[in-house]
Amino acid sequence: MDPRTLRAAALRYRACGLCVLPARADRKCPTVGRWGPYQRQLPTLEEVTAWFDGPQSGLCLVCGGVSGNLEMLDFDLGGEAFQAWYELVRTRNAPLLARLVIEQSPSGGWHVVYRCHEPVSGNLKLAERKQIAPGPDPVTIAGKTYKPRCDADGRWYVLLTLIETRGEGGLFLCSPTPGYELLQGDLAELPTLSEAERETLLEAAWSLGEHDETEASAPIREATDEKCSSSDPSPAADRAPGSRPGDDFNERGDLRAVLRRHGWTLAKAGENEYWRRPGKTSGSSATLKDGVFYVFSSSAAPFEPNRPYSPFGVYALLEHGGDFVAAASALRAEGFGSTADAAGDDVDLSRIIPCRVAEDATLEHETVDPGPIPEGLLRVPGFVSEVMDFCLSAARYPSVPLAFCGAMALQSFLASRRVREEGGLRPNLYVLALAGSGTGKAYPRKINSYILGRIGLGAAVGNQIASGQGLEDEMLVHRKMLFQTDEIDHLLRCIASPKESYYSMLLAMLLQLYTEADEIHTVRTKVRDRGRKSEPRGEIDQPGLVIFGTATPECFFEALSPRLLTNGLFSRAIVVDAEERGRKQQARDVSQLPQRLLDIATWWRDYNPGPVNPVTGRRPNLDDEHPTPAVVPYSEAGFTALDRFASRADDEYDAATRAGDRVRAVVWTRAGENATRLALVYACSRNHLDPCIDEEAAQWAVAFVGHLIRRMLFLAAQHVAENPFHAACLKLLRRMNEAPGHQMQRQHLLRAMRCKAADFDQIVSTLLQQGELLPTEIPTRTKPALGYRLP
């Protein structure tokens, strides 16, 4: 292709506000190296000219806000679903179809391109179909290689994507790249769609997904015949439908009443019902057909986008925060399930939850893994998101979880001793971010230190907590502090050890300062003579301690212990784990931070809501002994949402206490309080001039804490051991859980365990006797090999 053609098109696209980059057509990737910064800023005309002066094999457009909320619908697999989608849109809104820009790709797929008035989400899978595979070996379909999965019935299958979006953070090759043919419209003259028009396009795509209804409604098998035979002569798989509470609810439960109770509204009736999530005034977020609730919205927490849910799965997530054990028990109390089966208390799960669930609520049994907190919940509007955006554009390895934790800790510190909610809770948070070595854990800390240093609060930033006495001394001087501590697992390990009495004072101090954020903390006698002359000595009124700790997941999990889980610190912490390292990009100096962020931080520094002194006519300095924080009000809906969650947390705590599950009880102890604190931080970030804890803030906080609790309980069940042998057993079960089909040959498992054969045999024997592991034969190229599988 003539380079001048690509160059002319690139300059034309850039002139109309599109982020255009040179690309390698064979690899479908930009040739500029680190293109992360261009997800947030347009290249200059000089850059575009220089890029396309030489030979290039293609060009691509970056989607999302940088290109004016650009989004593209990608029809894959030779565009097999395009014609059906085209006809659906034509019948619903033919004029809209005529405005779209449409091109065809070299593989026969289709691109539908447009802009939106509102910001677009990240890439979404809109329609998929399930194809049975002959076995576990990778299969190639339409030029792409897929790794088969194994379903609950032992069948191997692959999920093929028919339609997906390219949105925020995505890009796509386009015309005039060789092989891409523009068939309708002009990429330099893209239409801008309303939210309703975009919904029309997406709903048509969602309706074409071949969702397997049995996957959403069928229970995951919790036990095999062998495991049930000792206590139940009738295995779960042989029970009649409806005998278990979840099965029964799937058959006759009122799913629509559950949805309406949590703010969902019916947007469109019919055989295929369309439902709208809370807080949304138009369009739809999910469909309900034949007992399958399919969520396609990425903003419908606690549901994950593009997944089907059974009625019981919806009930468990909305009414019990994803705790399927508690959901089954509650349904049984309401009369669901057969009486004869009450002792078994089996729990059925929606296929969307890719894990098995416990038969009771104790730590030793399995717990549902909700996965790391979805990125949709790691966004708080306003100041927090703006700090995150800079971090993601400037860090060498951008990480959304790390950026979120750093920004939340900063907002928490700035609002500390400045605001409170009506019940007296303060915004102080203890935030722990887990990420591997070399993932850029230091950059969020660097941003916080830079901002606070620039506004004159650098002395209130600490980097190590050596002892309880030292922490109290620092708090006595500064009244509020932000401690940013790396490798916090060492601190946790010392706190958890009964032999480390030196750290017992530190644990007590951390718990005390968190609880006394709305009280007066009386310091120990030793330091009372250090009080300032102008203030009463020996007191810290409303101490504002915020912690931002980071650690590697491996070290953090090793530090977990039953003592640490039940001493109260774990329930106070907001633990966010990052699974993957961000893609490397050109790092930027923190001094390039937007001035707006410094302005907002300065506003918080100077904010003084205290009453005016009638004598002096001035407000007192908030750094004085007794600050008067502003009260952030609730909306009625916001208060109701948090109050309902607090009541559920109390119920969960009572149930765990009755079951003797100390870990679950401790985690639920502060669930309501944590949600309220997070909602308060959310409100302050979104509008620092007039914060309000409304329904949006409350629902986000409830969804976040609900997911966090399920994740913490799962991690505790997977990693917390009573002794070294128990730890080895848990390690083997984790290896099995990670294996394809949850099975592995003996020799491969022995190699993965890295232990002596005799120790391995002892571990396996114990798990076999406990019913946690089952022997099996695994096919190989020659003859079946001895292996093991999970029940």
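What counts and what doesn't
- Residues numbered from 1 in each chain as written.
- Predicted model: local features only at pLDDT ≥ 70, side-chain atom pairs only at ≥ 80, totals over all residues.
- Heavy atoms only, no water.
- Helix = DSSP H or I, 4+ residues; strand = E, 2+ residues; numbered from the N terminus.
- Buried < 20%, exposed > 50% of the residue type's maximum accessible area, 1.4 Å probe, protein only.
- Contact = heavy atoms within 4.5 Å.
- Pairing = 2+ DSSP bridges.
- Axes fitted to C-alpha atoms, helices over the stretch in contact; angles between N-to-C directions.
- Lys, Arg positive; Asp, Glu negative; His and termini not counted.
- Salt bridge = Lys/Arg side-chain N within 4 Å of Asp/Glu carboxyl O.
- Core = buried A, V, L, I, M, F, W, Y, C linked by side-chain atoms within 4.5 Å.
- Phe/Tyr/Trp six-rings, centres within 6.5 Å; stacked < 30°, edge-to-face > 60°.

A. Looking closely at the overall build of the protein chain. Per the secondary structure count, the protein chain includes 27 helices and 31 strands. Expressed as a percentage of the 791 residues in the protein chain, the buried residues total 56%. The contacts of the protein chain with a sequence gap of at least 6 include a subset with a gap of at least 24, amounting to 71%.

B. A look at the sheet that holds strand S15 (residues 265–268). Taken together, the five strands give an open sheet; going across it, the order is S15-S16-S17-S18-S19, and neighbouring strands pair in antiparallel fashion. The open sheet has two edge strands, S15 and strand S19 (307–309), and neither has a second partner. Within the sheet, the average angular offset between the axes of one strand and its neighbour, ignoring direction, is 35°. Sheet topology note: the strand S18 (residues 292–295)/S19 ladder contains three bridges and is antiparallel. Following the sheet pairing, Phe293 is matched in S19 by Tyr309.

C. Main features of the side chain of Asp74. Relative to the helices and strands, Asp74 resides in strand S4 (residues 70–75). There is no salt bridge for the buried Asp74, and the closest opposite charge comes from Arg166, which lies 4.1 Å off by N-O distance. Not counting residues up to four positions away in its chain, the partners in contact with Asp74 are Trp110, His111, Leu162, Ile163, Glu164 and Arg166.

D. Structural context of the sheet that holds strand S30 (residues 774–778). Read across the open sheet, the three strands follow the order S29-S31-S30; overall the sheet is antiparallel. At either margin of the open sheet sits one strand with a lone partner, and together these are strand S29 (743–745) and S30. Here the strands of the sheet are splayed against their neighbours by 35° on average, with no regard to which way each runs. With three bridges joining them, S29 and strand S31 (residues 785–789) adopt antiparallel strand pairing. Residue pairing across strands places Met744 opposite Tyr788, the latter belonging to S31. Taken strand by strand, helix H26 (residues 746–753) contacts S29 and S31, and its axis lies near 95° from that of S29.

E. Representation of the nonpolar core in the model. Counting residues in each nonpolar core, the largest one holds 110 residues, and the members touching the most others are Phe404, Leu471, Trp700 and Phe704. With 13 residues, helix H24 (residues 695–719) is the single largest residue contributor to this core. When neighbours within four sequence positions are excluded, Leu471 is seen to be in contact with Ile465, Phe483, Leu506, Met509, Leu510, Leu513 and Leu545. Residues Phe75, Ala133, Ile141 and Leu201 belong to the second largest nonpolar core, which totals 36 residues.

F. How the structure looks around the pattern of salt bridges. As enumerated under the stated definition, the model contains 21 salt bridges in all. Across the salt bridge formed by Glu386 and Arg596, the nearest N and O atoms sit 2.7 Å from each other. In this pair, Glu386 sits in helix H11 (residues 383–394) while Arg596 sits in helix H20 (residues 595–606), placing the two residues 210 residues apart along the sequence. Under the relative-accessibility criterion, Glu386 is labelled partly exposed at 24%. For Asp761, the salt bridge goes to Arg746, with nearest N and O atoms at 2.6 Å. Within this pair, whereas Asp761 is found in helix H27 (residues 757–770), its partner Arg746 is found in helix H26, the two being separated by 15 residues in sequence. You can call Asp761 partly exposed: its relative accessible area is 35%.

G. A look at the packing of aromatic side chains. The final tally for this structure, using the stated rule, is 21 aromatic pairs. Ring geometry for Tyr38 and Trp51: centres 5.5 Å apart, planes at 85°, overall edge-to-face. Of this pair, Tyr38 sits in the loop between strand S2 (29–30) and helix H2 (45–51) while Trp51 sits in helix H2; the two residues are 13 residues apart in sequence, bridging distant segments of the chain. Assessed through its relative accessible area of 11%, Tyr38 is described here as buried. Consider the rings of Phe645 and Trp668, whose centres lie 6.2 Å apart with planes at 50°: the pair is tilted. Of this pair, Phe645 sits in helix H21 (residues 636–658) while Trp668 sits in helix H22 (residues 662–669), placing them 23 residues apart in sequence.

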